[in-house]
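# A look at the structure
What follows is each chain in one-letter form.
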Amino acid sequence: MKRKLKKVGFILFLVLIAIQFYQPALNQNLGQDYTNDFLITTNAPKNISKLIQSSCYDCHSNNTNYLWYDYIQPARIFVESHINDGKKELNFNEFGSYSNRKQQSKLEAIGKQIKSGEMPLSSYTLLHHDAILTETQKQTIIQWIDAINEDNNTSENY
């Protein structure tokens, strides 16, 4: 029985080593044009920019700041899956290319998800403590988003 366990353990060790050679493409577009970026198109103030970048951009943009453990499998597969899912839902680098209606819908969704605590994901904040938003920070972002939505609704009425 011990022999079988050693054999199984050895095989698992080899599999763990082998999957380290599988590294999905990095989410880093270094030569990207940022004219459609959320922070630019909304003219976000510095305090809002800093909060959104530290809490949202790793999963919701074309540029992720990877940490050392993000290169270790199977964690890498998990991380890339979250990034791909996040970018499908909202990509801050492409926000300006969305229709006005889609932008407003995304802004409302951002506010609701921050307010409810759905975002940033707890699995992300577990290892990225700087992404945790205090209640005051949440309120600051939500008030700013509400002001943008109010401005958009006012300009649509003219």
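What counts and how
Residues numbered from 1 in each chain as written. Predicted model: local features only at pLDDT ≥ 70, side-chain atom pairs only at ≥ 80, totals over all residues. Heavy atoms only, no water. Salt bridge = Lys/Arg side-chain N within 4 Å of Asp/Glu carboxyl O. Helix = DSSP H or I, 4+ residues; strand = E, 2+ residues; numbered from the N terminus. Buried < 20%, exposed > 50% of the residue type's maximum accessible area, 1.4 Å probe, protein only. Core = buried A, V, L, I, M, F, W, Y, C linked by side-chain atoms within 4.5 Å. Contact = heavy atoms within 4.5 Å. Phe/Tyr/Trp six-rings, centres within 6.5 Å; stacked < 30°, edge-to-face > 60°. Lys NZ or Arg CZ within 6 Å of the ring centre and 35° of its normal. Polar contact = N/O pair within 3.5 Å; in protein donor to acceptor, adjacent residues only side chain to side chain. Disulfide = S-S within 2.5 Å. Expected span 1.5 Å × (residues − 1). Arc of directions from axis to C-beta.

### Quick word on the pattern of salt bridges
- According to the stated counting rule, one finds 3 salt bridges in the structure shown.
- Here Glu 80 and Arg 76 are joined by a salt bridge, their closest N and O atoms 3.1 Å apart. Here Arg 76 and Glu 80 lie together in helix α4 (residues 75-89), a separation of 4 residues that amounts to about one turn. Arg 76 matches Glu 80 in its accessibility class, with the two residues each being buried.

### Describing the nonpolar core
- Phe 38, Ile 52, Phe 92, Ile 141 and Trp 144 are the most contacted members of the largest nonpolar core, which has 21 residues in total.
- Mapped by element, the contributors of at least two residues to this core are α2 (38-41), α3 (46-55), α5 (100-116) and α7 (135-156).
- The element best represented in this core is α7, accounting for 5 residues.
- Not counting chain neighbours up to four residues away, the residues in contact with Ile 52 comprise Phe 38, Leu 39, Tyr 57, Phe 92, Ile 141 and Trp 144.
- Counting residues in each nonpolar core, the second largest holds 6 residues, with Cys 59, Tyr 66, Val 79 and Ala 131 among its members.

### As for the environment of Ser 105
- Turning to its location among the elements, Ser 105 is positioned in helix α5.
- Taking the C-alpha atoms as reference points, Ser 105 and Asn 149, separated by 44 residues in sequence, lie 9.4 Å from one another.

### A few points about the packing of aromatic side chains
- A complete count under the given rule lists 7 aromatic pairs for this structure.
- Relative to Tyr 71, the ring of Tyr 66 lies with its centre 5.7 Å away and its plane at 50°, an arrangement referred to as tilted.
- Arranged with centres 5.4 Å apart and planes meeting at 80°, the rings of Trp 68 and Tyr 69 form a pair that is edge-to-face.
- Positioned above the aromatic ring of Tyr 98 is the side chain of Lys 102, whose terminal nitrogen or guanidinium carbon lies 4.3 Å from the ring centre.

### A few points about the environment of Asp 37
- As for its position among the elements, Asp 37 is in the loop between α1 (2-19) and α2.
- Judged by its relative accessible area of 5%, Asp 37 is buried.
- As for Asp 37 and Ser 97, which are separated by 60 residues in sequence, their C-alpha atoms are 8.7 Å apart.
- Discounting residues that sit within four places of it in the chain, Asp 37 has contacts with Tyr 57, Phe 92 and Asn 93.
- Within the structure, Asp 37 has its side chain in polar contact with the backbone nitrogen of Leu 39 (distance 3.0 Å).

### Topic: the state of the cysteines
- One pass over the full model with this rule turns up 0 disulfides.
- Considering cysteine sulfurs only, Cys 56 is the nearest to Cys 59, which forms no disulfide, with 9.2 Å between them.
- Note on Cys 59: relative accessible area 18%, which makes it buried.

### Describing α5
- Given a rise of 1.5 Å per residue, 17 residues ought to cover 24 Å, and the 24 Å separating the end C-alpha atoms of α5 matches this to within 8%.
- Residues of α5 that are buried include every one of Gln 103, Gln 104, Lys 106, Leu 107, Ile 110, Gly 111 and Ile 114, and no others. Burial along α5 is one-sided: seen end-on, the buried residues are contained in an arc of 160°. Residues of α5 that are exposed and point over 90 degrees away from its buried face: Arg 101 and Lys 112.
- Following α5 by one or two positions, Gly 117 adopts a phi angle in the positive range, close to 85°.

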